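# Observations on the three-dimensional arrangement
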Amino acid sequence: MKALVYHGDHNIALEEKAKPSIIKPSDVIVRVTKTTICGTDLGIYKGKNLYMQDGITLGHEGVGIIEEVGSSVSQFKVGDKVIISCISSCGSCEYCKKQLYSHCKDGGWILGHMIDGVQAEYVRIPHADNSLYKIPDTINDEVAVMISDILPTGHEIGVQYGNVKPGDAIAIVGAGPVGMSALLTAQFYSPAIIIMIDLDDNRLEMAKELGATHVINSDSQNVLEELKKIVGEDGVDVAIEAVGIPPTWNICQKIVKPGGNIANVGVHGAKVDFEIQELWIKNLTITTGLVNTNTTPMLIKAVATNKLPVKKLFTHHYKLFEIEKAYDVFLNASREKAMKIIIDVE
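On to the state of the cysteines, then. Using the criterion set out here, one finds zero disulfides in the structure. In this model C93 remains outside any disulfide bridge; the closest cysteine sulfur is found in C96, 3.7 Å from its own. Its sulfur unpaired, C104 is 3.6 Å from the next cysteine sulfur, which belongs to C90.

Turning our attention to the packing of helix α5 (residues 150–160) against helix α11 (residues 296–304). In the contact formed by α5 and α11, the axes pass within 10 Å of each other and the chain directions differ by 115 degrees. Between α5 and α11, the angle falls in the class roughly perpendicular. Between α5 and α11 lies a crossing whose hand is right-handed. Mapping the contact onto sequence places L151, P152, H155 and E156 in α5 and T296, M298, L299 and V303 in α11. Looking at the contact of α5 with α11 residue by residue, the classes come out as five nonpolar, two polar and one charged.

Given 3.6 residues per helical turn, the α-helix brings residues three or four places apart onto the same face. With ten of ten residues buried, helix α6 (residues 177–186) is to be regarded as a mostly interior element. Turning to α6, its buried residues number three or more, namely P177, V178, G179, M180, S181, A182, L183, L184, T185 and A186.

The next point concerns the sheet that holds strand β11 (residues 236–241). Taken in spatial order, the six strands make up an open sheet running β10-β9-β8-β11-β12-β13, and their pairing is parallel. Two strands lie at the open edges of the sheet, namely β10 (214–217) and β13 (285–287), each paired on one side alone. Pairwise comparison of adjacent strand axes, ignoring direction, gives a mean angle of 15 degrees for this sheet. Where strand β9 (residues 193–198) and β10 come together, four bridges link them in parallel fashion. Of the residues in β10, the one forming a bridge with I195 is H214. This element, helix α7 (residues 201–209), spans β9 and β10 of the sheet and lies at about 170 degrees to β10. Seen against the sheet, helix α8 (residues 223–231) touches β8 (169–173), β9, β10 and β11 and runs at an angle of roughly 170 degrees to β9.

Cut-offs and rules
- Residues numbered from 1 in each chain as written.
- Predicted model: local features only at pLDDT ≥ 70, side-chain atom pairs only at ≥ 80, totals over all residues.
- Heavy atoms only, no water.
- Disulfide = S-S within 2.5 Å.
- Axes fitted to C-alpha atoms, helices over the stretch in contact; angles between N-to-C directions.
- Helix = DSSP H or I, 4+ residues; strand = E, 2+ residues; numbered from the N terminus.
- Parallel < 35°, antiparallel > 145°, perpendicular 65-115°, else oblique.
- Left-handed = near helix turned anticlockwise from the far one by under 90°.
- Contact = heavy atoms within 4.5 Å.
- Nonpolar A, V, L, I, M, F, W, Y, C, P; charged D, E, K, R; others polar.
- Buried < 20%, exposed > 50% of the residue type's maximum accessible area, 1.4 Å probe, protein only.
- Pairing = 2+ DSSP bridges.

And the structure:
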């Protein structure tokens, strides 16, 4: 089969690789039909994950059709069309019992990271009964790809951990795919003001289309001054960090009001300064996290209503044989006006 294989910092290649096979009775083999590229994949490509092993197939988001089922799998059968969750969970360890599936003792974020992932024609999914979701007929396959990772990540780690409430003023720092997912799912909770902050005017325009009440370009505008005009001196109730670099973290520290929440969603590859000498007195709640996908069933139902404009996130489409070009486009997202890229594997 064809698979996109990791060989080190800035070194990936589409190669021929052996088709995976069942290893444990709880496994299934999925024929991948559509996948995508995550910002985390770019981090791996850039060498952010130093413990990545040479030869791993990349990717952790996708949909496909089950081709082979292990003997202990009870919830799925050959021919089922499924969403592949970015998180694999055994369902029985102490973390799974707390719905902290991202910290599963025999799973978590392993696809495209610790084991072969989904940017390939076939993938082995461990703990299949707890790590796959059937796709309703009411959900388009491309939209279903968004439920693998970015929608639950934005919802759980940004919106829920940020404790977004009706009437809140919230700011999302970073208008990439995860920031946009936080924007979409924040609207479940009826905040009064949603401010999107980014460097890219094209992404800010999209944010307005998706429900942002205000946008601020942090390159051409003074964020603090513009924010004061919108919400006053105190700041926002919730700041969601959706990039993973020191400047965006610093913005969040400066804009949240006393008693507010900072929800860090971005994947950080370098240390940041925590201004505890300024923040200790502000009664803040600061959260971090890796998506657990415990809200995936709810998001499937919400997306099935066709009321979330998820399709607007798709900006580019490529075939699997073009995936290296797709990575180049995503690496230069601002220049290419790229948001979410769909890779058609069929």
